[in-house]
There are 2 protein chains.
Amino acid sequence: MAPTPATPPQDKPRRADAERSVAAILDAALEALASDPDASMAEIARQAGVVRATIYVHFPTREALLEAVTGRAIAEVTRVIAAAAPDKGKPTEALMRVVAAAWQTLGRYHPLVAINTRLSPAELHRRHAPVLALLHPLIERGQRDGSFRPDVPAEWHLSMLLALVHAASAELRTGRVGATNAEAAVVETVAGALAHHATLKP
Amino acid sequence: MAPTPATPPQDKPRRADAERSVAAILDAALEALASDPDASMAEIARQAGVVRATIYVHFPTREALLEAVTGRAIAEVTRVIAAAAPDKGKPTEALMRVVAAAWQTLGRYHPLVAINTRLSPAELHRRHAPVLALLHPLIERGQRDGSFRPDVPAEWHLSMLLALVHAASAELRTGRVGATNAEAAVVETVAGALAHHATLKP
DNA sequence: TTGACATCAGACACCTCTGTCTGCTTTCAT
DNA sequence: ATGAAAGCAGACAGAGGTGTCTGATGTCAA
C-alpha cells in the first residue's frame, strides 16, 4: 500500500565508488534473479563482487532492491512506449508499433522477466501499472472502432498482451526461437490475439 | 531427472482414514498454494485439519506433494484433451474445440494455476509435457495447411497457448471477467494468436 | 476383538536466509 | 593531506522452514 518510490533515486549525491557499487549490484541482481528468482542477497552480492553488507548500505531491504531493479526496467519500457505514440494512427497499427518498440527495449531486460514469475497476478499488474495505463486508451479506442474484440473488458486484452510478451521473452531465453524471428512473431501473435476477426466465429 | 510418478498411486491399498487424509491434504494444498505458492507444509497441514507429520506419512517431501497436486490436474486435463480429438477436423476448429474442453476441465483447478508461477519456464514445460505432446501434431498440421503461422516453431505456438490459458485463468480469479464470457474469450484469443492472417502484415 | 495402521502432540536437529553490528582498511572529494 | 564516506571481513541474533523421531491415542479391517 505504501507509495514506495520505484527507484531510490539520487537523493543525495553519492560518491563515485558508491555509484559503481550500486550499478554493479543492480546488474548482478538482474542476472542472479534471472536464473533463480529466489536468489539470496548473498548470491547477488557474490555476483556483484561485493560483500553482502554493502548491499544493505544502498538498499534497506531485499524488497527495496527488487523494486529498484524492476522499477528501472518498467520505467524505461514506459518511456519507449510513450514515445511510440499509442494514440496515433489506426489501433492495430499503433498496437503493433508499440509492441515492437517495447520488445526491443525489453531486449536488455529479458532476464528480468523471470522475476515476474514470482509475483502474484495482482502484484504483477501493480508493477506494470504505468505501462498498462498507457495502453488502456489504445485498447478502448480499438474496441470502439472494431479493431479489437469488444466483448471483453479492456483489462482482459491488457492481461493477454502482458502474458504473451512475457511468454515470448521466456521463449527467447530458452533458445527455442531465434532473436531475429522473435520480434515479428510476438508482434503478430499479440495483434492476432486481440483482433476482432469475425471469420473465426463459426 | 528421476522419472517420478506424477501421482503416488494406489500402490498399497490404504486404509479408509488414510484415504480421507490424503484427499484432504491434496485439496488443502490446492487451496493453500493458490493464495500463496510458497505456502509452508505447516500451513497446508493446518488447512487440511491435519498435523504436519501426517503429510510426511503420505508424501516423503514437499516436492512430492507438489508433484502429486499438479500431476492430478495435468492428468485430468490430458484425458479431456485427448477425448476432444485434436486430430480430427480442420485445425482451427480442432484447436477451438480442444481449448474449450480443456478450459472447462480447468475450471476445477483454477487455484492450481497459481502454482505455475513458481516454476521456471523449463520446469513448466516439463510438467505440461503430456498436454503439449498431445497438441504438437495439431499445431504442425495447422502450420502445414496454412491455418497457423508457419514461420515460427510449433513450440512457439504451444508456449503462447499455455501462457494465454494460464493468464486467462488468473484473470478469471481476479474477478475482472465473468465466467460466462471467459470461455468464449479464451478460445477466440488463442485462435487469433496462432492464426495465420495475411491481412495483418502491412 | 485384536493387531496393525494412522493420527496426534510435541519436540528435535539442521539448514538457509535476513538484517544488524563492530572494527579495520581503502577510496574518494575537497 | 585529511576527514568523511564507502567498502571489507566476519560475526551475531532471530525467524522460519524442512524432515525426523518418539510415545501415546484413536481407528479401521479381518
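Residues numbered from 1 in each chain as written. Chains lettered and ligands numbered in written order. Predicted model: local features only at pLDDT ≥ 70, side-chain atom pairs only at ≥ 80, totals over all residues.

K.L.:
Explain the overall build of chain A residue by residue, including any values.
P.N.:
Secondary structure assignment for chain A yields ten helices and zero strands. Listed N to C, the secondary structure of chain A is α-α-α-α-α-α-α-α-α-α in terms of helices and strands. Seen through its C-alpha atoms, chain A measures out along the principal axes to roughly 60 × 35 × 25 Å. Out of the 202 residues belonging to chain A, those deemed buried represent 38%. Counting only contacts in chain A whose residues sit at least 6 apart along the sequence, the fraction spanning at least 24 positions is 67%. (Helix = DSSP H or I, 4+ residues; strand = E, 2+ residues; numbered from the N terminus. Buried ≥ 20, exposed ≤ 12 C-beta atoms within 10 Å, placed from the backbone. Contact = placed C-beta atoms within 7 Å.)

K.L.:
Tell me what's going on with the protein's contact with DNA strand C, and back it up with residues and numbers.
P.N.:
Around DNA strand C, 21 residues are found, and the nearest of them are Ala16(A), Ser40(A), Met41(A), Thr61(A) and Ser21(B). Counting residues per element, the ones that place at least two in the surface near DNA strand C are α1 (16-35), α2 (41-48) and α3 (52-58) of chain A together with α1 (16-35) and α3 (52-58) of chain B. The residue makeup of the surface near DNA strand C, split by class, is eleven nonpolar, four polar and six charged. (Near = placed C-beta within 6 Å. Nonpolar A, V, L, I, M, F, W, Y, C, P; charged D, E, K, R; others polar.)

K.L.:
Which residues make up the packing of helix α4 (residues 62-83) of chain B against helix α8 (residues 129-144) of chain B, and what are the values?
P.N.:
Residues and elements named next belong to chain B. As a packed pair, α4 and α8 sit with axes 9 Å apart at the nearest point and diverge in direction by 15°. Relative to α8, α4 is oriented roughly parallel. Crossing of α4 against α8: the hand is left-handed. Counted together, Ile-74, Val-77, Thr-78, Ile-81 and Ala-82 of α4 and Pro-130, Val-131 and Leu-134 of α8 form the full contact between these two elements. Of the residues contributing to the contact of α4 with α8, the split by class is seven nonpolar, one polar and no charged. (Axes fitted to C-alpha atoms, helices over the stretch in contact; angles between N-to-C directions. Parallel < 35°, antiparallel > 145°, perpendicular 65-115°, else oblique. Left-handed = near helix turned anticlockwise from the far one by under 90°.)

K.L.:
Explain α1(B) to me, using residue names and the numbers behind them.
P.N.:
Because the α-helix completes a turn every 3.6 residues, residues three or four places apart line up on one side. Residue and element names in this part refer to chain B. Here α1 is 20 residues long and its end C-alpha atoms lie 29 Å apart, about the 28 Å a rise of 1.5 Å per residue gives. For α1, the complete set of buried residues consists of Val-22, Ile-25, Ala-28, Ala-29, Leu-30, Ala-32 and Leu-33. Buried-residue contacts for α1 involve α2 (41-48), α3, α4 and α6 (110-116). (Expected span 1.5 Å × (residues − 1).)

K.L.:
Can you lay out the packing of helix α5 (residues 91-106) of chain A against helix α10 (residues 179-194) of chain A for me, pointing to particular residues and giving the numbers?
P.N.:
Residues and elements named next belong to chain A. Running from N to C, α5 and α10 point in directions that differ by 140°, and their axes come no closer than 9 Å. On the basis of their axis angle, the class for α5 and α10 is oblique. The crossing of α5 and α10 is right-handed. The segment α5 lies against α10, with Thr-92, Leu-95, Met-96, Val-99, Ala-100 and Trp-103 engaging Glu-183, Val-186, Val-187, Val-190, Ala-191 and Leu-194. Looking at the contact of α5 with α10, its residues break down into ten nonpolar, one polar and one charged.

K.L.:
Give a detailed account of the protein's contact with DNA strand D, specifying residues and quantitative values.
P.N.:
Taken together, the neighbourhood of DNA strand D is formed by 21 residues, with Ser21(A), Ala16(B), Ser40(B), Met41(B) and Arg62(B) sitting nearest. Of the residues in the surface near DNA strand D, the class split is eleven nonpolar, four polar and six charged.

K.L.:
Mind laying out the relation of the copies chain B and chain A, listing which residues take part and the relevant values?
P.N.:
A rotation about some axis, followed by a shift along it, carries one copy of the chain onto the other. Take chain B, turn it by 180°, move it 0.0 Å along the axis, and it overlays chain A with an RMSD of 0.1 Å. Given the turn and translation reported, the copies of this chain are related as if by a two-fold rotation axis. When the interface residues of chain B are mapped onto chain A, 100% of them again lie at the interface, so the same face is used by both copies. (Least-squares fit on C-alpha atoms with pLDDT ≥ 70 in both.)

K.L.:
Give a description of the environment of Val69(B) that names residues and reports values.
P.N.:
Residues and elements named next belong to chain B. Counting through the fold element by element, Val-69 comes out in helix α4. Considering only alpha carbons, one finds Val-69 and Leu-132, 63 residues apart in sequence, at a separation of 19 Å. When neighbours within four sequence positions are excluded, Val-69 is seen to be in contact with Leu-26, Ala-29, Leu-30 and Leu-112.

K.L.:
Please set out the interface of chain B and chain A residue by residue, giving values where relevant.
P.N.:
In this complex, chain B contributes 29 residues to the contact, which on the side of chain A involves 29 residues. Secondary-structure elements contributing two or more residues to the side of chain B that touches chain A are α7 (121-127), α9 (154-174) and α10 (179-194) of chain B. Here the side of chain B that touches chain A gets ten residues from one element, more than from any other, and that element is α9(B). Considered class by class, the residues forming the side of chain B that touches chain A number 16 nonpolar, seven polar and six charged.

K.L.:
Now, about unusual backbone geometry: what can you tell me, with residues and values included?
P.N.:
All names here are of chain A. One non-glycine residue with positive phi stands out, namely Ala-85, at about 55°. With respect to the secondary-structure elements, Ala-85 resides in the loop between α4 (62-83) and α5. For Ala-85, a count of 13 C-beta atoms within 10 Å translates into the label partly exposed.

K.L.:
Mind laying out the environment of Phe148(B), listing which residues take part and the relevant values?
P.N.:
Residues and elements named next belong to chain B. By the element assignment, Phe-148 lies in the loop between α8 and α9. The buried category is assigned to Phe-148, around which 24 C-beta atoms lie within 10 Å. Excluding its chain neighbours within four sequence positions, the residues that come into contact with Phe-148 are Pro-91, Ile-139, Gly-142, Gln-143, His-157, Leu-194, Ala-195 and His-196.

K.L.:
So what about the confidence of the model for chain A? Which residues, and what values?
P.N.:
In the predicted model, chain A carries a mean pLDDT of 89, and 92% of its residues have values of at least 70. Throughout residues 1-10 of chain A the model reports pLDDT below 50, and contacts reaching past four residues in sequence, or to other chains, amount to ten contacts. (pLDDT = per-residue confidence, 0-100.)

K.L.:
Describe the nonpolar core, listing the residues and the values that go with them.
P.N.:
Formed by 114 residues in total, the largest nonpolar core has its most connected members in Leu164(A), Val190(A) and Leu164(B). The contacts of Val190(A), once residues within four sequence positions are left out, are Leu95(A), Val99(A), Leu161(A) and Leu164(A). (Core = buried A, V, L, I, M, F, W, Y, C linked by C-beta atoms within 7 Å.)

K.L.:
Quick rundown of α10(A)? Include the residues and the values.
P.N.:
Compared with the 22 Å implied by 1.5 Å per residue over 16 residues, the 23 Å span of α10(A) between its first and last C-alpha is a close match. Turning to α10(A), its buried residues number three or more, namely Ala185(A), Val186(A), Val187(A), Glu188(A), Thr189(A), Val190(A), Ala191(A), Gly192(A), Ala193(A) and Leu194(A). Where the residues of α10(A) are buried, they touch α5 and α9 (154-174) of chain A together with α9 and α10 of chain B.

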